[in-house]
Amino acid sequence: MCDAPVLVIGGGPAGVAAAVSLAESDHRVVLVEQRDRLGGAIHRQPANRDIVHSLHGRHHTRNWRALNERLSAVQGKIRILYNSVFLGADDTGHALIEDRALGRTLSAKAAGLLVAVGAIEHIEPFEGWQLPGVMTAGGAQLMLKETGRFVPGRTLVVGSGPLIFAVAAQLASAGAPPVALVERGTPWRAPGAAFRLLASRSTFAETMRYGSIILRKRIPYKTGTGIVRAEASGSVLLVEVTSDTGRIARYEVDNLVISNGLRSNQIGLPRTSESSVYPILHAGDCREILGADAAIEDGAFAARKLVALLKGAPTPSPSHELEKARKLQAALRKLTSLDHSELVGDPIICRCEGMKRSDLLKLGNGRSAFETRLVGRFGTGPCQGRFCRASVNRITGISAEELSGRNHQEQRWPLRPVSIASLCSVTPFQTEFEQEPILLQPANAVSSKR
Ligand SMILES: Cc1cc2nc3c(=O)[nH]c(=O)nc-3n(C[C@H](O)[C@H](O)[C@H](O)COP(=O)(O)OP(=O)(O)OC[C@H]3O[C@@H](n4cnc5c(N)ncnc54)[C@H](O)[C@@H]3O)c2cc1C
């Protein structure tokens, strides 16, 4: 067995697949997960054992169960740090991890680093997206998966991309059918792309399943229609949407669920390196949005590549499955107009600092990324530009990398806000493995019953 452990960040499908594959290749692994369970975005675990959900396709449940079985088979080679947030790593293998349970920061030295921290949700700003009652599709899913319930009242689901379709069906299955599903794209105008879905049996089956729930529950499905604004009126939200043909519709609702798809997330991550001394690789959704099945494939591929780099052996080629997933994602983007965007009015762009589009324009033309951050305060809040960077780019042309400071520093520590008290108590991390058994999923985590 190799001596120094490999650090894998993220306990979603990609991170777990990578950790398991590394352990099966006789590497010791430290798997770091910020939450108290594994599962990532798709297999978010219920808050207690009484809650059982089956929100996603059955093949996802089967895949996750298989991954868990492989994980139990390599106990002793993987140590899982829960409630622990990866803060960054330097080029020589030193990483900082905040142990949130004990309020201290651990410093670890690893043989290699594999980062699988998942995607970020993309939201096109509109006036009112910061109001109480507005939440992202991911937030709505999180509530459903953790509690099995949703906020009472009338809910409107608006945006673009496959996630809103899934969430509308999932809300309906949980007894909270939305008053309407409003999609900016017009899927039937891209029959070629729709045909491509047939190439993936599991995606096609999942789409059909969601579609049949939406039909059965008679949820009105408007396409070619985008949101204009939302405003608060007493305790309700007034939401205005407009179609491609200029038809305006207004909804009075209690909850507004929004999403414009997912984006890869490399903000602040250590750059990838194929050095044999200290390889750094990214995998899963944070590298490229390819879906949950491909995230498992990508995690395993990154693990094989890392093993080869550590040995100084030739690196493997990516599997054919990843290329298939890429084509499928391109078709989904085409079907749901994920690449199209338009800003109306003067919406808040940076929710961390409450800065609007007009604040950005007031900075004037020709401002550098540095000035936009320091003078305009865009990209400097706790989310570090994860939410505003796409809009800043659209309005000013400043790229996401420039806004996140990549042109000025190689990496951006810490990746997440950390208290000074925690940083002041940096403790070297002991990597003994056999002392602690790994904590597997609770029994209901892989149930497929509702
Ligand atoms: C909101 C949302 C909803 C989705 N819904 C569906 C769906 O309904 N159906 C479907 O098929 N696919 C869905 N997907 C896509 C699917 O979840 C992903 O393709 C898949 O989970 C990607 O796996 P991953 O391991 O790359 O990332 P993730 O599953 O996102 O896992 C990343 C893990 O890293 C952890 N992490 C992040 N940052 C840190 C840090 N600094 N330190 C320590 N840990 C960290 C996170 O807590 C998480 O557990 C959804 C994705 C998102 C984001």
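Provided above is the structure to which this section pertains.
Report follows, based on the coordinates. (Residues numbered from 1 in each chain as written. Predicted model: local features only at pLDDT ≥ 70, side-chain atom pairs only at ≥ 80, totals over all residues. Heavy atoms only, no water.)

1. Overview of the packing of helix α7 (residues 292-311) against helix α8 (residues 320-335)
- Between α7 and α8, whose axes approach to 10 Å, the crossing angle comes to 145°. Judged by the sense of rotation from one axis to the other, the crossing of α7 with α8 is left-handed. Note on element contacts: α8 touches α7 through Glu321, Leu322 and Ala325, opposite Ala294, Glu297, Asp298 and Phe301.
- When its residues are assigned to classes, the contact of α7 with α8 shows four nonpolar, no polar and three charged. (Axes fitted to C-alpha atoms, helices over the stretch in contact; angles between N-to-C directions. Helix = DSSP H or I, 4+ residues; strand = E, 2+ residues; numbered from the N terminus. Left-handed = near helix turned anticlockwise from the far one by under 90°. Contact = heavy atoms within 4.5 Å. Nonpolar A, V, L, I, M, F, W, Y, C, P; charged D, E, K, R; others polar.)

2. Here we look at the packing of aromatic side chains
- If you walk through the whole model with that rule in mind, you get one aromatic pair.
- The interplanar angle of 50° and the centroid separation of 5.8 Å between the aromatic rings of Phe165 and Tyr221 together place this pair among those described as tilted. Taken together, the positions of Phe165 in helix α4 (residues 162-173) and Tyr221 in strand β12 (residues 221-222) put the pair 56 residues apart, joining distant regions of the chain.
- Residue Tyr221 is classed as partly exposed on the basis of its relative accessible area of 35%.
- Stacked on the ring of Trp129, the Lys or Arg Arg351 has its end atom at 4.7 Å from the ring centre. (Phe/Tyr/Trp six-rings, centres within 6.5 Å; stacked < 30°, edge-to-face > 60°. Buried < 20%, exposed > 50% of the residue type's maximum accessible area, 1.4 Å probe, protein only. Lys NZ or Arg CZ within 6 Å of the ring centre and 35° of its normal.)

3. Examining the environment of Arg37
- The residue Arg37 is located in the loop between β2 (29-32) and α2 (58-73) in this model.
- Judged by relative accessible area, Arg37 falls into the partly exposed class, the value being 25%.
- Note: C-alpha distance between Arg37 and Gly12 (25 residues apart in sequence) is 9.5 Å.

4. Here we look at the pattern of salt bridges
- Considering all chains together, one arrives at 20 salt bridges under this definition.
- Across the pair Arg70 and Glu24 runs a salt bridge whose closest N-O atoms are separated by 2.9 Å. Of the two residues, Arg70 is situated in helix α2 and Glu24 in helix α1 (residues 13-24); the sequence distance between them amounts to 46 residues.
- Overall, the relative accessible area of 43% leaves Glu24 in the partly exposed class.
- Taking the shortest distance from any N to any O, the salt bridge between Glu353 and Arg377 comes out at 2.9 Å. A residue pair is termed long-range when its members are at least 10 positions apart, and Glu353 in the loop between β19 (348-350) and β20 (355-356) and Arg377 in the loop between α10 (369-374) and α11 (389-396) qualify at 24 residues.
- Residue Arg377 is classed as partly exposed on the basis of its relative accessible area, which comes to 38%.
- One salt-bridge network, held together by shared partners, links Arg287, Glu288, Asp298, Glu323 and Arg326. (Salt bridge = Lys/Arg side-chain N within 4 Å of Asp/Glu carboxyl O.)

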